[in-house]
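Each chain is listed here by its residues.
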Amino acid sequence: MNNFDYARATDVAEAVKLKTATPDAKFIAGGTNLIDLMKYHVEQPRRLIDISRLPLTAVEETSAGGVRIGALVPNSTLAYHPLIESRYPLLASAILAGASAQLRNMASTGGNLLQRTRCAYFYDVATPCNKRAPGAGCSAAGGLNRNHAILGASADCIATHPSDMCVALAALNATVQVTGAQGERAIAFADFHRLPGDRPDLDNTLRADEIILAVELPPQGFGAHHSYLKIRDRLSYAFALVSVAAALELDGGRIGEARLALGGVAHKPWRNEAAENALRGQAPGHEAFGRAADILLKDAKGFAHNAFKIPLARRAIIRTLAQAADGTPQVQSTKSIR
(Lines give C-alpha, C1' and ligand atoms only; values in the text may rest on other atoms or scores of the structure.)
Protein backbone atom coordinates (compact mmCIF):
# COMPACT_ATOMS: atom_id res chain seq x y z
CA MET A 1 0.00 0.00 0.00
CA ASN A 2 1.29 3.45 -0.94
CA ASN A 3 0.85 6.05 1.78
CA PHE A 4 -0.18 9.47 0.49
CA ASP A 5 -2.04 12.59 1.54
CA TYR A 6 -5.19 13.67 -0.24
CA ALA A 7 -6.39 17.22 -0.83
CA ARG A 8 -9.26 18.58 -2.89
CA ALA A 9 -8.75 21.91 -4.65
CA THR A 10 -11.78 24.20 -4.75
CA ASP A 11 -10.40 26.49 -7.47
CA VAL A 12 -7.44 26.78 -9.80
CA ALA A 13 -5.51 29.14 -7.52
CA GLU A 14 -5.74 26.65 -4.67
CA ALA A 15 -4.64 23.80 -6.95
CA VAL A 16 -1.53 25.78 -7.92
CA LYS A 17 -0.84 26.67 -4.29
CA LEU A 18 -1.08 23.03 -3.21
CA LYS A 19 1.17 21.87 -6.05
CA THR A 20 3.74 24.58 -5.34
CA ALA A 21 3.90 23.46 -1.72
CA THR A 22 4.47 19.82 -2.72
CA PRO A 23 6.15 19.75 -6.17
CA ASP A 24 6.12 15.94 -6.38
CA ALA A 25 2.36 15.83 -5.73
CA LYS A 26 0.12 14.66 -8.57
CA PHE A 27 -3.09 16.16 -9.83
CA ILE A 28 -5.85 13.61 -10.20
CA ALA A 29 -9.06 13.95 -12.20
CA GLY A 30 -10.29 10.78 -13.94
CA GLY A 31 -7.25 8.83 -12.76
CA THR A 32 -7.36 6.39 -15.68
CA ASN A 33 -3.56 6.33 -15.99
CA LEU A 34 -2.30 7.58 -12.61
CA ILE A 35 -4.13 4.95 -10.56
CA ASP A 36 -2.60 2.17 -12.67
CA LEU A 37 0.85 3.66 -12.19
CA MET A 38 0.33 3.81 -8.44
CA LYS A 39 -0.87 0.20 -8.33
CA TYR A 40 2.30 -0.89 -10.13
CA HIS A 41 4.44 1.28 -7.82
CA VAL A 42 5.73 3.24 -10.81
CA GLU A 43 4.34 6.46 -9.35
CA GLN A 44 4.41 6.95 -5.58
CA PRO A 45 3.27 10.53 -4.97
CA ARG A 46 3.25 11.85 -1.43
CA ARG A 47 0.07 13.77 -2.13
CA LEU A 48 -2.85 13.56 -4.56
CA ILE A 49 -4.55 16.84 -5.39
CA ASP A 50 -8.11 16.23 -6.56
CA ILE A 51 -8.99 18.72 -9.30
CA SER A 52 -12.06 16.92 -10.58
CA ARG A 53 -14.45 19.65 -9.38
CA LEU A 54 -12.65 22.65 -10.85
CA PRO A 55 -14.65 24.72 -13.37
CA LEU A 56 -12.69 23.50 -16.40
CA THR A 57 -15.43 21.58 -18.22
CA ALA A 58 -16.57 24.00 -20.92
CA VAL A 59 -16.24 23.58 -24.69
CA GLU A 60 -16.77 27.02 -26.18
CA GLU A 61 -15.95 29.16 -29.17
CA THR A 62 -13.13 31.69 -28.90
CA SER A 63 -13.17 35.27 -30.13
CA ALA A 64 -10.66 34.26 -32.81
CA GLY A 65 -13.09 31.73 -34.28
CA GLY A 66 -11.55 28.62 -32.77
CA VAL A 67 -12.65 26.43 -29.87
CA ARG A 68 -11.43 26.28 -26.27
CA ILE A 69 -11.66 22.89 -24.54
CA GLY A 70 -11.49 22.83 -20.76
CA ALA A 71 -8.90 20.52 -19.25
CA LEU A 72 -11.54 18.48 -17.40
CA VAL A 73 -13.81 17.79 -20.37
CA PRO A 74 -14.20 13.98 -20.54
CA ASN A 75 -12.99 12.37 -23.75
CA SER A 76 -16.42 10.94 -24.53
CA THR A 77 -18.10 14.32 -24.06
CA LEU A 78 -15.54 15.94 -26.32
CA ALA A 79 -15.84 13.36 -29.10
CA TYR A 80 -19.61 13.86 -29.33
CA HIS A 81 -19.74 17.60 -28.72
CA PRO A 82 -21.50 19.37 -31.63
CA LEU A 83 -18.68 21.89 -32.12
CA ILE A 84 -16.09 19.12 -32.35
CA GLU A 85 -18.15 16.73 -34.47
CA SER A 86 -19.00 19.45 -36.99
CA ARG A 87 -15.82 21.52 -37.12
CA TYR A 88 -13.01 19.21 -35.93
CA PRO A 89 -14.11 15.68 -36.92
CA LEU A 90 -10.45 14.59 -37.07
CA LEU A 91 -10.24 15.10 -33.30
CA ALA A 92 -13.51 13.26 -32.67
CA SER A 93 -12.32 10.34 -34.77
CA ALA A 94 -8.98 10.10 -32.97
CA ILE A 95 -10.66 10.11 -29.55
CA LEU A 96 -13.06 7.33 -30.57
CA ALA A 97 -10.08 5.23 -31.69
CA GLY A 98 -8.61 5.31 -28.19
CA ALA A 99 -9.15 3.14 -25.11
CA SER A 100 -12.64 1.83 -24.36
CA ALA A 101 -15.97 3.61 -23.98
CA GLN A 102 -15.79 3.27 -20.21
CA LEU A 103 -12.31 4.79 -20.03
CA ARG A 104 -13.25 7.60 -22.41
CA ASN A 105 -16.08 8.50 -20.04
CA MET A 106 -13.58 9.04 -17.22
CA ALA A 107 -10.46 10.29 -19.02
CA SER A 108 -10.04 14.07 -19.15
CA THR A 109 -8.60 16.27 -21.87
CA GLY A 110 -5.69 17.43 -19.72
CA GLY A 111 -5.04 13.93 -18.43
CA ASN A 112 -4.87 12.60 -21.97
CA LEU A 113 -2.01 14.99 -22.69
CA LEU A 114 -0.19 13.87 -19.55
CA GLN A 115 -0.57 10.10 -19.84
CA ARG A 116 2.67 8.18 -19.71
CA THR A 117 4.12 5.51 -21.97
CA ARG A 118 2.76 1.97 -21.89
CA CYS A 119 6.24 0.48 -22.34
CA ALA A 120 6.18 -2.83 -20.42
CA TYR A 121 9.63 -2.17 -18.95
CA PHE A 122 8.49 1.19 -17.61
CA TYR A 123 5.66 -0.59 -15.79
CA ASP A 124 7.89 -3.38 -14.47
CA VAL A 125 9.77 -1.98 -11.47
CA ALA A 126 12.01 -5.07 -11.42
CA THR A 127 13.67 -4.01 -14.69
CA PRO A 128 15.99 -1.07 -15.45
CA CYS A 129 14.25 1.93 -17.01
CA ASN A 130 15.67 5.42 -17.52
CA LYS A 131 12.19 6.93 -17.71
CA ARG A 132 11.30 5.54 -14.29
CA ALA A 133 14.77 5.75 -12.70
CA PRO A 134 17.20 8.02 -14.62
CA GLY A 135 20.58 6.38 -15.14
CA ALA A 136 19.27 2.83 -14.68
CA GLY A 137 19.43 1.89 -18.37
CA CYS A 138 16.88 1.08 -21.09
CA SER A 139 15.70 -2.53 -21.02
CA ALA A 140 13.62 -2.07 -24.17
CA ALA A 141 16.61 -1.29 -26.40
CA GLY A 142 17.87 -4.85 -26.15
CA GLY A 143 14.57 -6.46 -25.15
CA LEU A 144 11.13 -6.97 -26.63
CA ASN A 145 10.62 -3.72 -28.49
CA ARG A 146 7.87 -4.47 -31.02
CA ASN A 147 5.76 -1.52 -29.88
CA HIS A 148 8.58 0.97 -29.52
CA ALA A 149 9.84 4.06 -31.30
CA ILE A 150 11.27 4.29 -34.79
CA LEU A 151 11.65 8.09 -34.73
CA GLY A 152 13.14 10.54 -32.25
CA ALA A 153 14.48 7.85 -29.90
CA SER A 154 17.72 8.17 -27.96
CA ALA A 155 20.23 5.81 -26.39
CA ASP A 156 18.39 6.36 -23.11
CA CYS A 157 14.81 5.64 -24.18
CA ILE A 158 12.86 4.19 -27.11
CA ALA A 159 9.38 4.40 -25.56
CA THR A 160 6.39 5.84 -27.43
CA HIS A 161 3.65 8.24 -26.41
CA PRO A 162 0.34 6.34 -26.23
CA SER A 163 -2.30 8.98 -26.97
CA ASP A 164 -4.56 9.02 -30.03
CA MET A 165 -6.14 12.36 -29.18
CA CYS A 166 -2.74 14.04 -29.06
CA VAL A 167 -1.91 12.97 -32.61
CA ALA A 168 -4.97 14.81 -33.89
CA LEU A 169 -4.24 17.84 -31.71
CA ALA A 170 -0.73 17.97 -33.16
CA ALA A 171 -2.10 17.92 -36.70
CA LEU A 172 -4.61 20.66 -35.83
CA ASN A 173 -1.92 22.98 -34.42
CA ALA A 174 -3.55 23.18 -31.00
CA THR A 175 -2.27 25.32 -28.14
CA VAL A 176 -2.11 24.26 -24.50
CA GLN A 177 -3.13 26.90 -21.96
CA VAL A 178 -1.51 26.44 -18.53
CA THR A 179 -1.07 28.38 -15.32
CA GLY A 180 1.25 28.18 -12.34
CA ALA A 181 2.98 30.26 -9.70
CA GLN A 182 4.46 32.48 -12.43
CA GLY A 183 1.09 33.08 -14.10
CA GLU A 184 -0.57 31.86 -17.28
CA ARG A 185 1.19 30.94 -20.50
CA ALA A 186 0.38 29.29 -23.83
CA ILE A 187 2.43 26.36 -25.15
CA ALA A 188 2.29 25.40 -28.82
CA PHE A 189 1.29 21.76 -29.02
CA ALA A 190 4.46 20.92 -30.94
CA ASP A 191 6.46 22.16 -27.94
CA PHE A 192 4.39 20.55 -25.19
CA HIS A 193 5.75 16.99 -25.35
CA ARG A 194 9.49 16.25 -25.28
CA LEU A 195 11.72 13.82 -27.11
CA PRO A 196 13.63 11.64 -24.63
CA GLY A 197 17.20 12.84 -25.16
CA ASP A 198 19.13 12.17 -21.96
CA ARG A 199 16.11 13.01 -19.74
CA PRO A 200 13.40 10.52 -20.72
CA ASP A 201 11.85 10.91 -17.27
CA LEU A 202 10.55 14.32 -18.43
CA ASP A 203 7.56 13.77 -20.69
CA ASN A 204 6.62 17.39 -21.32
CA THR A 205 7.57 21.02 -20.78
CA LEU A 206 5.20 21.79 -17.90
CA ARG A 207 6.81 23.34 -14.84
CA ALA A 208 6.41 21.48 -11.54
CA ASP A 209 3.78 23.92 -10.23
CA GLU A 210 1.72 24.26 -13.42
CA ILE A 211 -1.73 22.93 -14.23
CA ILE A 212 -3.38 22.61 -17.64
CA LEU A 213 -6.38 24.91 -18.01
CA ALA A 214 -7.49 24.23 -21.56
CA VAL A 215 -6.58 23.24 -25.08
CA GLU A 216 -7.35 25.77 -27.80
CA LEU A 217 -7.98 24.87 -31.43
CA PRO A 218 -7.49 27.38 -34.27
CA PRO A 219 -10.39 28.11 -36.63
CA GLN A 220 -9.20 25.78 -39.39
CA GLY A 221 -10.66 22.35 -38.68
CA PHE A 222 -10.28 20.50 -42.02
CA GLY A 223 -13.86 19.28 -41.79
CA ALA A 224 -14.14 18.14 -45.41
CA HIS A 225 -10.83 16.35 -45.96
CA HIS A 226 -9.40 14.47 -43.00
CA SER A 227 -8.83 10.95 -41.73
CA TYR A 228 -7.44 9.21 -38.65
CA LEU A 229 -6.12 5.70 -39.21
CA LYS A 230 -4.96 3.54 -36.32
CA ILE A 231 -3.10 0.28 -37.00
CA ARG A 232 -3.14 -2.01 -33.96
CA ASP A 233 -3.05 -5.67 -33.02
CA ARG A 234 -6.79 -5.84 -32.31
CA LEU A 235 -9.73 -3.60 -33.11
CA SER A 236 -10.48 -2.34 -29.61
CA TYR A 237 -8.66 -1.35 -26.44
CA ALA A 238 -5.19 -1.55 -27.96
CA PHE A 239 -2.47 1.05 -28.41
CA ALA A 240 -1.30 1.98 -31.88
CA LEU A 241 1.53 0.27 -33.66
CA VAL A 242 1.24 3.18 -36.07
CA SER A 243 -1.44 5.86 -36.31
CA VAL A 244 -1.81 8.69 -38.81
CA ALA A 245 -3.75 11.94 -38.62
CA ALA A 246 -4.08 13.57 -42.04
CA ALA A 247 -5.83 16.83 -42.88
CA LEU A 248 -5.97 18.56 -46.25
CA GLU A 249 -7.44 21.67 -47.84
CA LEU A 250 -8.03 21.23 -51.59
CA ASP A 251 -8.16 24.13 -54.02
CA GLY A 252 -8.88 23.57 -57.69
CA GLY A 253 -7.75 19.97 -57.59
CA ARG A 254 -4.51 20.82 -55.79
CA ILE A 255 -3.48 20.59 -52.15
CA GLY A 256 -3.51 24.06 -50.64
CA GLU A 257 -2.82 23.13 -47.03
CA ALA A 258 -1.62 19.85 -45.49
CA ARG A 259 -1.18 18.51 -41.98
CA LEU A 260 0.28 15.13 -41.14
CA ALA A 261 1.07 13.61 -37.75
CA LEU A 262 2.05 10.11 -36.63
CA GLY A 263 1.37 8.26 -33.39
CA GLY A 264 2.85 5.07 -31.99
CA VAL A 265 6.26 5.81 -33.48
CA ALA A 266 7.95 8.31 -31.15
CA HIS A 267 8.11 9.77 -27.65
CA LYS A 268 5.64 12.45 -28.83
CA PRO A 269 3.23 12.90 -31.74
CA TRP A 270 5.49 13.12 -34.77
CA ARG A 271 5.27 15.92 -37.35
CA ASN A 272 7.69 17.16 -39.96
CA GLU A 273 6.75 20.41 -41.70
CA ALA A 274 8.95 19.51 -44.66
CA ALA A 275 6.62 16.61 -45.44
CA GLU A 276 3.61 18.90 -45.26
CA ASN A 277 5.32 21.52 -47.43
CA ALA A 278 6.05 18.86 -50.04
CA LEU A 279 2.32 18.23 -50.41
CA ARG A 280 1.30 21.85 -50.96
CA GLY A 281 0.56 22.68 -54.56
CA GLN A 282 0.56 19.02 -55.58
CA ALA A 283 -2.25 17.04 -57.14
CA PRO A 284 -3.44 14.48 -54.58
CA GLY A 285 -2.28 11.01 -55.53
CA HIS A 286 -0.05 8.06 -54.68
CA GLU A 287 3.13 9.69 -55.99
CA ALA A 288 2.78 12.90 -53.95
CA PHE A 289 1.68 10.98 -50.88
CA GLY A 290 4.63 8.62 -51.18
CA ARG A 291 7.09 11.51 -51.34
CA ALA A 292 5.59 13.02 -48.20
CA ALA A 293 5.78 9.66 -46.42
CA ASP A 294 9.44 9.29 -47.37
CA ILE A 295 10.26 12.72 -45.96
CA LEU A 296 8.34 12.03 -42.76
CA LEU A 297 10.14 8.71 -42.26
CA LYS A 298 13.60 9.65 -43.56
CA ASP A 299 15.23 9.32 -40.11
CA ALA A 300 13.29 6.24 -39.04
CA LYS A 301 15.31 3.49 -37.40
CA GLY A 302 14.02 0.10 -36.36
CA PHE A 303 15.19 -2.16 -33.57
CA ALA A 304 15.23 -5.95 -33.34
CA HIS A 305 11.46 -6.40 -33.24
CA ASN A 306 9.92 -3.24 -34.68
CA ALA A 307 11.61 -2.55 -38.02
CA PHE A 308 8.34 -3.62 -39.67
CA LYS A 309 6.87 -0.33 -38.46
CA ILE A 310 8.78 1.64 -41.09
CA PRO A 311 7.12 0.14 -44.20
CA LEU A 312 3.86 -0.15 -42.25
CA ALA A 313 3.97 3.57 -41.47
CA ARG A 314 4.67 4.42 -45.11
CA ARG A 315 1.66 2.46 -46.32
CA ALA A 316 -0.50 3.91 -43.56
CA ILE A 317 0.49 7.49 -44.45
CA ILE A 318 -0.36 6.98 -48.12
CA ARG A 319 -3.68 5.32 -47.27
CA THR A 320 -4.70 8.00 -44.77
CA LEU A 321 -3.83 10.85 -47.13
CA ALA A 322 -5.86 9.14 -49.87
CA GLN A 323 -8.84 8.85 -47.51
CA ALA A 324 -8.51 12.51 -46.58
CA ALA A 325 -8.25 13.64 -50.20
CA ASP A 326 -11.29 11.59 -51.21
CA GLY A 327 -13.33 12.82 -48.26
CA THR A 328 -13.81 9.26 -47.04
CA PRO A 329 -12.34 9.24 -43.52
CA GLN A 330 -11.64 6.05 -41.61
CA VAL A 331 -14.73 5.14 -39.60
CA GLN A 332 -14.20 4.64 -35.86
CA SER A 333 -16.51 2.98 -33.37
CA THR A 334 -19.39 5.23 -32.29
CA LYS A 335 -20.38 3.20 -29.25
CA SER A 336 -20.25 5.04 -25.96
CA ILE A 337 -21.64 4.86 -22.46
CA ARG A 338 -22.80 8.39 -21.69
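Overview of the structure. (Residues numbered from 1 in each chain as written. Predicted model: local features only at pLDDT ≥ 70, side-chain atom pairs only at ≥ 80, totals over all residues. Heavy atoms only, no water.)

Moving on: the packing of helix α12 (residues 286-296) against helix α13 (residues 309-326). Closest axis-to-axis distance for the α12/α13 pair is 9 Å, and the angle between their directions is 135 degrees. In terms of orientation, α12 lies oblique with respect to α13. The element α12 and its partner α13 pack so that their crossing is right-handed. Residues His286, Phe289, Gly290, Ala293, Asp294 and Leu296 of α12 pack against Arg314, Ile317, Ile318, Leu321, Ala322 and Ala325 of α13. For the contact of α12 with α13, a count of residues per class yields eight nonpolar, two polar and two charged. (Axes fitted to C-alpha atoms, helices over the stretch in contact; angles between N-to-C directions. Helix = DSSP H or I, 4+ residues; strand = E, 2+ residues; numbered from the N terminus. Parallel < 35°, antiparallel > 145°, perpendicular 65-115°, else oblique. Left-handed = near helix turned anticlockwise from the far one by under 90°. Contact = heavy atoms within 4.5 Å. Nonpolar A, V, L, I, M, F, W, Y, C, P; charged D, E, K, R; others polar.)

Two faces, one strand: in a regular strand the side chains alternate between the faces of the sheet. Strand direction decides the pairing type here: strand β6 (residues 175-180) and strand β7 (residues 183-188), joined by six bridges, are antiparallel. Its bridge partner lying in β7, Val176 is registered against Ile187. In this structure, the hairpin formed by β6 and β7 is closed by a connection of two residues. (Pairing = 2+ DSSP bridges.)

Attention now moves to the packing of aromatic side chains. How two aromatic rings sit relative to each other is given by the distance of their centres and the angle of their planes. Under the definition given, this model contains two aromatic pairs. Ring centres of Tyr40 and Tyr123 lie 5.4 Å apart, and the angle between their planes is 85 degrees; on these two criteria the pair is classed as edge-to-face. One end of the pair, Tyr40, is in the loop between α2 (34-39) and β3 (47-50); the other, Tyr123, is in helix α8 (residues 120-123), with 83 residues separating them in the sequence. Ring centres of Phe122 and Tyr123 lie 5.8 Å apart, and the angle between their planes is 85 degrees; on these two criteria the pair is classed as edge-to-face. Its relative accessible area of 1% is what places Phe122 among the buried residues. When the ring centre of Phe27 is taken as reference, the NZ or CZ atom of Lys19 above it lies at 5.9 Å. (Phe/Tyr/Trp six-rings, centres within 6.5 Å; stacked < 30°, edge-to-face > 60°. Buried < 20%, exposed > 50% of the residue type's maximum accessible area, 1.4 Å probe, protein only. Lys NZ or Arg CZ within 6 Å of the ring centre and 35° of its normal.)

Counting 56 residues, the largest nonpolar core has Leu91 and Leu113 as the members making the most contacts within it. Looking at this core, the element that brings in the most residues is helix α9 (residues 165-171), giving seven residues. Residues contacting Leu113, with those up to four places away along its chain left out, are His161, Met165, Cys166, Leu169, Val176, Phe189, Phe192, His193, Ile212 and Val215. Formed by 31 residues, the second largest nonpolar core is a distinct cluster that contains Leu262, Trp270, Ala275 and Ile317. (Core = buried A, V, L, I, M, F, W, Y, C linked by side-chain atoms within 4.5 Å.)

The tally for this structure, following the rule as stated, stands at 19 salt bridges. With a shortest N-O distance of 2.7 Å, Asp203 and Arg116 are connected by a salt bridge. In this pair, Asp203 sits in the loop between α10 (189-192) and β8 (211-217) while Arg116 sits in the loop between α7 (109-114) and α8, placing the two residues 87 residues apart along the sequence. Judged by its relative accessible area of 12%, Arg116 is buried. One connected set of salt bridges, linked through shared partners, spans Lys26, Glu43, Arg116, Lys131 and Asp203. (Salt bridge = Lys/Arg side-chain N within 4 Å of Asp/Glu carboxyl O.)

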